[in-house]
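# A structural walkthrough
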Amino acid sequence: MPDKQITPVQTRRSTGQTCAPDFVYTIFIKATAEAVWNGLIDREITKAYWGHYNESDWQPGSRWDHVRSDGSGKIDTRGRIIEMNPPHKMVWSWAFDSEADQPEKLSRVTYELTRLGPDTKLTVTHSELEPGSNMDKGVREGWPAVLSNLKSILETGETLSEDKWPNAG
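Residues numbered from 1 in each chain as written. Predicted model: local features only at pLDDT ≥ 70, side-chain atom pairs only at ≥ 80, totals over all residues. Heavy atoms only, no water.

The next subject is the pairing of strand β4 (residues 63-68). In terms of strand pairing, strand β3 (residues 52-55) meets β4 through 4 bridges, oriented antiparallel. Paired with Glu55 across the two strands is Asp65, which belongs to β4. As defined by bridge partners, β4 adjoins strand β5 (residues 75-85) across 5 bridges and the pair is classed as antiparallel. Note that in β5 the partner of Asp65 across the bridge is Arg78. Turn length for the β4-β5 hairpin, with the two strands adjacent in sequence and antiparallel, is 6 residues, and the turn residue Gly71 shows positive phi of about 90 degrees. (Pairing = 2+ DSSP bridges. Helix = DSSP H or I, 4+ residues; strand = E, 2+ residues; numbered from the N terminus.)

Structure below.
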């Protein structure tokens, strides 16, 4: 299936602003690429391991919302779907809800899934971050925990014991 792309979303780099170095994290998961892909977008799975659910119709150009799963309905981050090529690659713009209409605040998240027989290599690249911003700091602390929790739920059906984690902040 060919990539589904739209006209590029204006993100931080397109505004000429300085960008922090990319955050790149690779994790190997004992699950099919389809299961990992689904784990990134399925409402119930993301609620279980992320404390949020991702809501979108998953079409290029569409909005996506990262909504707290505590029942408050609060959107913490949001953006636009830039590229979808299931189950190999997807790209989203990403910003705090209050800043998501400001191109200089929009970063970019790229998910690349590589089949390794019955297993999957998942690489997440979060780029175009504002150097030293709260988003930049949160990304570098948050992605390893989120992706480890995704790995755990897909491999064992259970999440990690988050209540035992140190307070990252």
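Turning our attention to the nonpolar core. Ranked by internal contacts, the top residues of the largest apolar core, which has 31 residues, are Leu40, Met90, Trp92, Trp94, Tyr111, Leu122 and Trp143. For this core, the secondary structure elements donating two or more residues are β2 (23-29), α1 (33-41), α2 (43-50), β5, β6 (89-96), β7 (107-116), β8 (119-127) and α3 (134-156). Tallying contributions element by element places α3 first for this core, with 7 residues. Those residues in contact with Leu122, other than ones at most four positions away along the chain, are Tyr25, Thr26, Ile27, Ile29, Val36, Leu40, Tyr111, Glu112, Leu113, Leu147 and Leu150. The next biggest cluster of nonpolar side chains, apart from the first, holds 6 residues, and it includes Val9, Val91, Ala100 and Leu106. (Core = buried A, V, L, I, M, F, W, Y, C linked by side-chain atoms within 4.5 Å. Buried < 20%, exposed > 50% of the residue type's maximum accessible area, 1.4 Å probe, protein only. Contact = heavy atoms within 4.5 Å.)

Our focus in this paragraph is the pairing of β5. For β5, the buried fraction is high: 10 of the 11 residues fall into the buried class. One ladder, built from 6 bridges, connects β5 with β6; its direction is antiparallel. Within the sheet, the bridge partner assigned to Thr77 lies in β6 and is Phe96. Remark: 3 residues form the turn of the hairpin made by β5 and β6, two consecutive strands paired antiparallel.

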